[in-house]
Amino acid sequence: MNDDTPAETSAEIPGEPRPIFDALHLAVLASLAFAQPLYDILGRHPQFFLVRQLAVPDLVLFVVVLSVLLPLAFFLAPLIAARVDWIGGGSVRRGVFLTLAGLLIALIALPLVDKIPNLLGYGKLIVAVGIGAGGALLLARFLLARTFLSLLSPAMLVFPLLFWTTSAAYSIASAQAGSRTVAPQIEATNPVVFVVFDEFPVLSLLDENRNIDRARYPNFAALADSAYWFRDATTVESITATAVPAIITGRYSKKTGVGVALYSEAPENIFSLLSRQYELRIFEVATRLAPPEKKGAAAELEQSFSERFEELLSDTALVYANMVLPKGIRNRFPELSAGLMEIFIRADVGRGQIKAAANPLMAIVQNFQGASSDALKEMEAEDISDWRLYQYNQFLSAINSRERTLYFVHSLFPHIPFRFSHTGNYYSNDITISGWDPEADAWHAAEPPVLLAFQRHLMQVGFTDALFGRLIDRLKAAGIYDDALIVVTADHGISFRAGRTRREPDETNHHEIVNVPLLIKLPGQTRGRIDDRPVQTIDIVPSVAAALGIPLPWDVDGLSLFQDDGAGGLEASDAYVRSGDETITRRVGDARFTTTMDAIGDTLERQLELFGSGDNDFYRAGPHEELVGRLVGSLPVAPLNQTECSFWLKDAESYDKVRPTGGKIPAYITGSLGCVPEFQTVAIAVNGIIRATGETFPGYAQQMSLAAMVPETAIRAGRNSVEVYLIDQRGDGDYRLLKVRRSGE
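Cut-offs used in this document
- Residues numbered from 1 in each chain as written.
- Predicted model: local features only at pLDDT ≥ 70, side-chain atom pairs only at ≥ 80, totals over all residues.
- Heavy atoms only, no water.
- Helix = DSSP H or I, 4+ residues; strand = E, 2+ residues; numbered from the N terminus.
- Buried < 20%, exposed > 50% of the residue type's maximum accessible area, 1.4 Å probe, protein only.
- Contact = heavy atoms within 4.5 Å.
- Areas by Shrake-Rupley, 256 points an atom, 1.4 Å probe, with all protein chains shown as cover.
- Phe/Tyr/Trp six-rings, centres within 6.5 Å; stacked < 30°, edge-to-face > 60°.
- Axes fitted to C-alpha atoms, helices over the stretch in contact; angles between N-to-C directions.
- Parallel < 35°, antiparallel > 145°, perpendicular 65-115°, else oblique.
- Nonpolar A, V, L, I, M, F, W, Y, C, P; charged D, E, K, R; others polar.
- Expected span 1.5 Å × (residues − 1).
- Pairing = 2+ DSSP bridges.
- Left-handed = near helix turned anticlockwise from the far one by under 90°.
- Core = buried A, V, L, I, M, F, W, Y, C linked by side-chain atoms within 4.5 Å.
- 1 Å grid on protein atoms, 1.4 Å probe; cavity = no way out; pocket = protein on both sides within 12 Å on 5 of 7 lines; lining within 4 Å.
- Points joined across faces, edges and corners; volume = space filled by probe spheres on them.

A. Structural context of the overall build of the protein. Each helix and strand counted, the protein has 22 helices and 24 strands in total. When each of the 745 residues of the protein is scored for burial, the buried share is 56%. Considering only intrachain contacts with a sequence separation of at least 6, the fraction spanning at least 24 residues in the protein is 75%. As presented, the protein carries roughly 30,500 Å² of accessible surface, and 53% of it is formed by carbon and sulfur atoms.

Next up, the structure:
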């Protein structure tokens, strides 16, 4: 036989490991780089699987991909290289092994390297690549390193086994077989409409008289005109995963060890209470408390196996990118820097569902602006794919004229991300929020971006009001509004205070997080009543039972807010009777807070000082509201005498071809300034008119950031000019504007 045949040359190279060991070592490294960190983080956040409505086959295939297919791909690479290596004399196989080993070791090292202080994102990437190269050379040169990896090979089986047995993923994906409860006989036939909004403090609705601001939120105010409004209602939990179950069960949340609310863990809830006679049309997000056999209209939201799995892999890739990329690099990619929480509860769906998602938005746009017949196509071209709209539209479509139907939706409005204005328009596809650190779930120390987020929240509350108005219209069109029992509440609120957490209540911010809307319209009720008793969201289930004349067959922690008035009707119960403004103790999770009505008023006063009420202009919020609306030409203007100073406008191209009758209206102006100190006051002019003022704040890579909302009416069809000026306030009270040149000019 010829000694130079490929088979002879590619066999085994003296002094080097055999290809099979290279293959094993790459498979082990792939498991350490991909499977282990993903199993760890997703196992600790089971909501990732819950919101995707996964079944057991989905989960099995997910484990196969992470623990079999991915390692197998790396396992085969050196074996294939060895088969074709007869030309290079072993160099191809060595090159493949070193390259892949270096890449995997760099991925393993990146999360640790990211903890190095005072090192920019790309610098950390370079360090990780260096560690990967060094690790690959160690494997190539030292038997001890290769032996260590060989000893780690059983971990490829241990990782999926631990994930399967210790996380809640299987419990979520399985049929949730468990205890069942006996539903009582129900005489009532009234439809029940139950809406739980998300991250919605009642303070956001209020004017200076502690009434619902009718000018800004007409639809919530209209419901209050014919419902009980429990103005001092509070949640009992500050996070969705426990707050929503408390609402649905009427019980304080307890740790089950599962980490998510499943029917098998809490079968005694509002859904099972009504399940015997009522049709259930339920749209859950963060829970699975509906009886498994009673999916109802929510089944319409279910995707095919291939669609679910494609989305699962896509979301997993986003989670992984958040885990391994240094923070400085993530900040350059908004879709990655939203943090795990916003990825676990996604705001986006596939393009195939954009049309359905856009429908409710377009109806609102048409109400406000008379959108053209081409508006929907324009919306689709702008890629408005917000899952919250899709879900809400499906909920509205499920409403019909039938009696004995429960319509339930947990809507992720007005929760972040902030994308929609109070006028019904879509202004941003960015899922990040300036001033918010998603990993710490806390606001930055700089106040300007936090107050801007507060402003955007209030505007999205206005959008939520418009969505709610569509629900009322739908109920009236179906002929069930008058006879329906309607419950509207929220899981928790949100706080906007610089340097503080967003949802963790303390003595200063708990009114913003704990106090939530609670409106209950009884069947046939036509006159509203404000009730200032200190009620809780766990009181909703017993109150619904009392309103429908159902004796609760199990114990709850809440109390009914209604009782028989002796004349065949209902009246406010004696629960939580109070006199004067005595001190109230709030229970939120394991914490207790003491407060008075006066303290709530102080919190509301801060909000009103910042953003006013009624027809007051949202856009005058800022350090120099007196300049808003003035022509730039009416003030002295001079160029900024710093040649290196420029303003970079994010998404600058979106201002060149604006279609006001549909699609995105870029009213959220953001960018960076590289030459000014923090908290420098600036004016933002659109088409020659000052539309907002603000302050710079620390951004990425020692740049100062700038962001502001401008009125949508300032954005005209076609091309728009956006200019930034430093505000030079003179001692005599006059102003001078210093124009900052745009990057590239």
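B. A look at the packing of aromatic side chains. In this structure the tally under the stated criterion is 25 aromatic pairs. When the ring of F200 is compared with that of F220, the centres are 5.7 Å apart and the planes differ by 65°; the resulting orientation is edge-to-face. Here F200 is found in the loop between β1 (192-197) and α10 (218-224), whereas its partner F220 is found in helix α10, with 20 residues between them in sequence. Taken as a pair, F200 and F220 share a single burial class, namely buried. With a centroid separation of 4.7 Å and 10° between ring planes, the pair formed by F454 and F496 is classed as stacked.

C. A look at the packing of helix α5 (residues 91-113) against helix α13 (residues 305-324). Running from amino to carboxyl end, α5 crosses α13 at an angle of 60°, the nearest separation of the two axes being 8 Å. Between α5 and α13, the angle is such that the two are oblique. On α13, the residues that touch L107, L110 and P111 of α5 are Y320, M323 and V324. Within the contact of α5 with α13, the residues separate by chemical class into six nonpolar, no polar and no charged.

D. Main features of helix α19 (residues 447-477). Look at α19: 45 Å from first C-alpha to last across 31 residues, which is about the 45 Å you get at 1.5 Å a residue. When you tally the buried positions in α19, you get 25 out of 31 residues, the bulk of the element.

E. Broad picture of the sheet that holds strand β17 (residues 647-649). Read from one edge of the open sheet, four strands run β17-β18-β22-β21, paired in antiparallel fashion. Single-partner strands in this sheet number two, and they are β17 and β21 (697-698). Sheet topology places strand β18 (residues 668-673) next to strand β22 (residues 704-709); six bridges connect them, and they run antiparallel. Bridged to T670 within β22 is A707. Contacts from α19 reach β18, β21 and β22 within the one sheet, and its direction differs from that of β22 by about 25°.

F. Up close: the packing of helix α2 (residues 19-44) against helix α4 (residues 56-83). In the contact formed by α2 and α4, the axes pass within 8 Å of each other and the chain directions differ by 155°. Between α2 and α4, the interaxial angle falls into the category roughly antiparallel. Of the two elements, α2 crosses α4, and the hand of that crossing is right-handed. Among the residues making up the contact of α2 with α4, the classes are represented as 22 nonpolar, two polar and one charged.

G. Quick look at the nonpolar core. Grouped together as the largest cluster of nonpolar side chains are 97 residues, with contacts concentrated most on V193, I212, F220, F395, I399 and L471. For this core, the element with the highest residue contribution is α19, accounting for 13 residues. Apart from the residues within four sequence positions on either side, F395 is in contact with V193, V195, F283, Y407, F408, V409 and L471. Formed by 50 residues, the second largest nonpolar core is a distinct cluster that contains A77, A168, L262 and Y320.

H. Up close: empty space enclosed by the protein. Within this structure, the stated rule accounts for five cavities of 30 Å³ or more. Volume-wise, the largest cavity comes out at about 80 Å³. Counting residues per element, the lining of the largest cavity draws most heavily on helix α22 (residues 597-611), which supplies three residues. The residue makeup of the lining of the largest cavity, split by class, is five nonpolar, three polar and two charged.

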